[in-house]
Amino acid sequence: MSLIVQKFGGSSVATPEKILAAARKAIRAKLEGHQVVMVVSAMGDTTDDLIDLANRITDKPPAREMDMLLSTGEQQSCALMAMAITSLGHKAVSLTGAQIGVKTDATFRKARIKSIETARLKKVLDEGNIVIAAGFQGIDDDFNITTLGRGGSDTTAVALAAVLRADACEIYTDVDGIYTTDPRVIPEARRVSRISYDEMLELASLGAGVMHSRSIEFGKKFDTPIHVRSSFTDIPGTMIVAEPERPDMPVSGAAITKDEALITVQAVPDKPGTSLEIFARIAARNISVDMIVQNVGESGKADLSFTVPRNELDTALEAVRDAAKLVGAGTVSANDSVAKVSVVGLGMARQTGVAEKMFRALAAAGINIGMITTSEIKISVLVPRDQSQKALNVVHTAFELDKPPAKPIEAWKPKAHGTDAAAVVARLQGLNMEDLTIDDVSLDASQARVTISGVPDSPGIAAKVFEQVAGAGIFVDMIVQSYPTTESLATLSFTVPQDQLDHSVTVAKKIASDLSCRGVTSSPKIAKLSVSGVGLRTHTGVAIRMFRALSEAGINLDLINTSEVRVNVIVDGNQGEKGMKQLQAAFADVLR
Ligand code: ADP
Ligand code: ASP
Ligand code: MG
């Protein structure tokens, strides 16, 4: 018999009427012949209200007690949902995370799922019930109640669909699918018929609040298609699957994060182990770091900038100041008035001129770019927060994200689970479900680096640089621009194929003199070492593990970039092979 998981978010169960409407959807699926597992969030703003309540008692509520409190929101709505279904004449049983056997680690408020028991779920389903599971919660080994992080009911739903090998995982919400950007922010955003796991993972972690990013990690790892659709209509929504909607398009979505703050450490001694010292201290406080930019140092010193969640800025600063003292770095400063705007697309890995287009759109709108990082499938820039909305708008328009596809999109067809299913289930039982998995450690020794230093801090410079570079037919891979320091000068580095280095340097020198930059340096042979897998950013330890392995071998890092699916570091070309061996050894236990 086929099995469907249906998840209803907070706004979809906000009132008794909405609970009854959701109950009817589940009953309809049951009557169509499916077994149905519902996953429910807390009603409306219940979770926010509970947090406010706790904060009125104390400004430092113990994390364990917060989870005890927050889990009650979902417990309420799942009981009410069971009552609704029963009142409509069908059988239903509600179960909390603990009653199902959702086992997690003991990281309160950000717990990760280790395993899910299926015996009780299956028994209750086989007795003809609709099962209503409380989202967002589990228990640790000591039976403490844990929660999975804000928005975590999505993760409960996809995880249940994965362990039960459900035929469908439907996420019912207050929008009718995934849009090219938040439709509440940009009404012209277009609903997409399908989006790939990798793109959705990036978008979710770059600010698209529509899905909990860890739910997409489950989808990708266990090959579970996710259907995001409206609670209030019956029209099909968006499928999150392996294949992108339009592989030919460089960009498939854009997102904005306003709750990040920038930390800059100046004059960091440019020698192995310094980044490790700093990031290990931040990771020890469980803070995730994003947009790391370390630009090649002049006179043995480098500037290191990165962003952290705004609400964790103070804690992160404490950690960084300690580390900076220890490694003999200079001033540590913070900037709290920035926002990050990103574009994502699997197609950009194969096209030139994508970054240029983004920078040009921002320049035309007079928006200054503070910092730039790129990875294979995303470009992020840091801009002044008060201009970020406009930045998102112009970028969304520049990539024509509001325009419908020229050709009709072929409908996505489900693959039969076939023999695959057994292998996936075996893998599920062997591991902690949310453990890190690394697919590949690789070395690319084909590139060279160009660095323009002393770049003036004014709109349009990055656009001019990459206009000319692209115009000269040079294929740029990685772009890194540091945040301007107190002298208001930035450093812009990019990597190019080795045989295009001479040409690139000529172009860069011309630009540097036209734009009164300080100078151009280059390295004829660099090595790009990459670790790829699933959910690398939520596992804050991955970058640290890389830095540690390389530092132990005395290898210095020139450039760093991170994404959900890949962490890249650039090192000296002669150190590539050695670095590769170090990384293979460091990740041997999680390499699958
Ligand atoms: P739920 O309570 O159902 O979990 P959320 O509020 O968590 O719902 O997520 C739905 C909201 O996500 C939408 O109302 C929308 O404003 C927002 N959102 C952000 N980015 C996107 C996007 N790219 N596509 C669709 N919705 C988005
Ligand atoms: N109720 C929780 C929250 O508001 C979990 C969820 O809705 O997914 O974050
Ligand atoms: Mg949500």
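About the thresholds
Residues numbered from 1 in each chain as written. Chains lettered and ligands numbered in written order. Predicted model: local features only at pLDDT ≥ 70, side-chain atom pairs only at ≥ 80, totals over all residues. Heavy atoms only, no water. Near = heavy atom within 4 Å. Polar contact = N/O pair within 3.5 Å; in protein donor to acceptor, adjacent residues only side chain to side chain. Areas by Shrake-Rupley, 256 points an atom, 1.4 Å probe, with all protein chains shown as cover. Nonpolar A, V, L, I, M, F, W, Y, C, P; charged D, E, K, R; others polar. Phe/Tyr/Trp six-rings, centres within 6.5 Å; stacked < 30°, edge-to-face > 60°. Helix = DSSP H or I, 4+ residues; strand = E, 2+ residues; numbered from the N terminus. Pairing = 2+ DSSP bridges. Axes fitted to C-alpha atoms, helices over the stretch in contact; angles between N-to-C directions. Contact = heavy atoms within 4.5 Å. Buried < 20%, exposed > 50% of the residue type's maximum accessible area, 1.4 Å probe, protein only.

A. Examining the site of ligand 1 more closely. Taken together, the neighbourhood of ligand 1 is formed by 17 residues, with Thr173, Asp174, Tyr179, Asp182 and Arg184 sitting nearest. In this structure, lysine 7 approaches ligand 1 through a side-chain N or O atom, which is 3.1 Å from an oxygen atom. Contact distances for ligand 1 include 2.9 Å between a nitrogen atom and a backbone N or O atom of tyrosine 179. Look at ligand 1: alone it shows 570 Å² of surface, and the protein chains cover 85% of it. Looking at the shell around ligand 1 residue by residue, the classes come out as six nonpolar, seven polar and four charged.

B. Fine view of the packing of aromatic side chains. This structure, assessed with the given rule, holds six aromatic pairs. Seen in terms of ring centroids, phenylalanine 359 and phenylalanine 466 are 5.7 Å apart; in terms of plane orientation they differ by 55°. Their pairing is tilted. One end of the pair, phenylalanine 359, is in helix α11 (residues 354-364); the other, phenylalanine 466, is in helix α14 (residues 461-471), with 107 residues separating them in the sequence. Of the aromatic side chains, those joined through ring pairs into one cluster are Phe279, Phe306 and Phe547.

C. Summary view of the site of ligand 2. The environment of ligand 2 is made up of Ser41, Ala42, Thr47, Glu74, Phe136, Arg150, Gly151, Gly152 and Ser153. Take threonine 47: an N or O atom from its side chain is 2.8 Å from a nitrogen atom of ligand 2. Contacts to ligand 2 include glutamate 74, whose side-chain N or O atom sits 2.6 Å from a nitrogen atom. Relative to its free-state accessible area of 260 Å², ligand 2 is covered by the protein chains to the extent of 87%.

D. The sheet that holds strand β11 (residues 226-230), seen in detail. Taken in spatial order, the eight strands of this open sheet run β3-β6-β2-β1-β9-β11-β12-β10, and their pairing is mixed. Because the sheet does not close on itself, it has two edges, and the strands there are β3 (92-95) and β10 (194-196). Across this sheet, the average inter-strand angle for adjacent strands is 20°, counted without regard to direction. Pairing of strand β2 (residues 35-40) with strand β6 (residues 130-134), which is carried by four bridges, proceeds in the parallel orientation. For methionine 38, the partnering residue across the bridge sits in β6 and is isoleucine 132. Set on the sheet, helix α5 (residues 119-126) makes contact with β1 (3-8), β2, β3 and β6; between it and β2 the angle comes to about 125°.

E. Quick look at the sheet that holds strand β15 (residues 290-294). The antiparallel open sheet is built from four strands, whose spatial order is β15-β16-β14-β17. Here the strands that pair on one side only, and so sit at the sheet edges, are β15 and β17 (332-335). On average, adjacent strands in this sheet sit at an angle of 15° to one another, irrespective of strand direction. Inspection of the sheet shows strand β14 (residues 260-269) paired to strand β16 (residues 301-309) by eight bridges, in the antiparallel sense. By the bridge assignment for β16, threonine 264 is matched with serine 305. Where helix α9 (residues 274-284) meets the sheet, it contacts β14, β15 and β16, and its direction lies at approximately 20° from that of β16. Along the sheet, helix α10 (residues 313-327) contacts β14, β16 and β17; its crossing angle with β14, the most-contacted strand, is approximately 5°.

F. Inspection of the environment of serine 288 at higher detail. Relative to the helices and strands, serine 288 resides in the loop between α9 and β15. On the accessibility criterion, serine 288 (30% relative accessible area) is partly exposed. For the pair serine 288 and threonine 307, spaced 19 residues apart in sequence, the C-alpha separation works out to 8.9 Å.

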